[in-house]
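Inside the fold
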Amino acid sequence: MHFWAPEIDPAHPLECTQAERYVLQRLSDGSYVSIRPEDQGLGDVSDPTSAYLFHTHEAAVRAAGELNRLGGDDFDVVKVEWPIALC
């Protein structure tokens, strides 16, 4: 039985096959997590389309779990509908 799924194909991870992305949201204030370009640290943005986008739900859940284990703030995964043209 074949279990390959094109949306999570490791051979082509940046190809857009599904118009959905996932972001991390801080539960304390509702902001979304971004990556600061100057130091690659975590930043906050108010718009989910400006946040760091995960291509798979599994990767976003893994990142949220790691951040939650570090403590300080709690994070949740939010699904964002993303236009295919922007992939």
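Look up a bit, the structure's there.
Described in the following lines is the structure provided in the data block. (Residues numbered from 1 in each chain as written. Predicted model: local features only at pLDDT ≥ 70, side-chain atom pairs only at ≥ 80, totals over all residues. Heavy atoms only, no water.)

**Focus on the overall build of the protein chain**
Here is the rule: Under the DSSP-based scheme used, a helix requires at least four consecutive residues in state H or I and a strand at least two consecutive residues in state E, with every element numbered from the N terminus. Should any heavy atoms of two residues lie within 4.5 Å, those residues are considered in contact. For every accessible area listed, the method is Shrake-Rupley and the probe measures 1.4 Å; residues are considered covered only by the protein chains on display.
Scanning the protein chain from terminus to terminus reveals one helix and four strands. Reading the protein chain from its N terminus to its C terminus gives the helix and strand order β-β-β-α-β. Long-range contacts, defined as pairs at least 24 residues apart, comprise 57% of the intrachain contacts of the protein chain with a sequence gap of at least 6. Surface exposure of the protein chain reaches about 5900 Å², of which carbon and sulfur atoms provide 55%.

**Comments concerning the pattern of salt bridges**
For the record, the criterion: Within this document, salt bridges are pairs made up of a side-chain nitrogen of Lys or Arg and a carboxyl oxygen of Asp or Glu, the two lying within 4 Å of each other. Note on exposure labels: buried denotes an accessible area under 20% of the residue type's maximum, exposed denotes more than 50%, and partly exposed covers the range between, all computed with a 1.4 Å probe on protein chains only.
In total, this model carries six salt bridges according to the counting rule given. Between Arg26 and Asp44 there is a salt bridge whose closest N-O contact spans 2.6 Å. Taken together, the residues span a long stretch of sequence, with Arg26 in strand E1 (residues 20-26) and Asp44 in strand E3 (residues 42-45) at a distance of 18 residues. Owing to a relative accessible area of 43%, Asp44 belongs among the partly exposed residues under this scheme. Across the pair Glu66 and Arg69 runs a salt bridge whose closest N-O atoms are separated by 2.9 Å. With a gap of three residues between them, Glu66 and Arg69 both fall in helix H1 (residues 57-70), about one helical turn apart. It is possible to trace a salt-bridge network through shared partners that takes in Arg26, Asp44 and Asp73.

**Some words on the pairing of strand E2 (residues 32-35)**
Put simply, the rule reads: Note on pairing: two strands pair once DSSP finds at least 2 bridges between them.
Judged from the four bridges that link them, E2 and E3 form a sheet pairing that is antiparallel. Bridged to Tyr32 within E3 is Val45. In this structure, the hairpin formed by E2 and E3 is closed by a connection of six residues, where Gln40 is found at a positive phi of approximately 60°.

**Things to note about the environment of His57**
Take His57: it is sitting in helix H1. What makes His57 partly exposed here is its relative accessible area of 38%. For the pair His57 and Lys79, spaced 22 residues apart in the sequence, the C-alpha separation amounts to 8.1 Å. Sequence-distant contacts of His57, that is, excluding residues within four places in its chain, are made with Tyr22 and Val77.

**Side note on the nonpolar core**
In plain terms, the rule: What makes a nonpolar core is a set of buried Ala, Val, Leu, Ile, Met, Phe, Trp, Tyr and Cys residues whose side-chain atoms join them at distances within 4.5 Å.
One finds Tyr22, Leu24, Val33, Phe54, Ala59, Ala60, Ala64, Leu67, Phe75 and Val77 forming the largest nonpolar core, which totals 10 residues. Elements supplying a minimum of two residues to this core: E1, H1 and strand E4 (75-81). When sequence neighbours within four positions are dropped, the list of residues in contact with Leu67 reads Leu24, Leu42, Asp73 and Phe75. Listed in part, the six residues of the second largest apolar core include Val23, Tyr32, Ala51 and Trp82.

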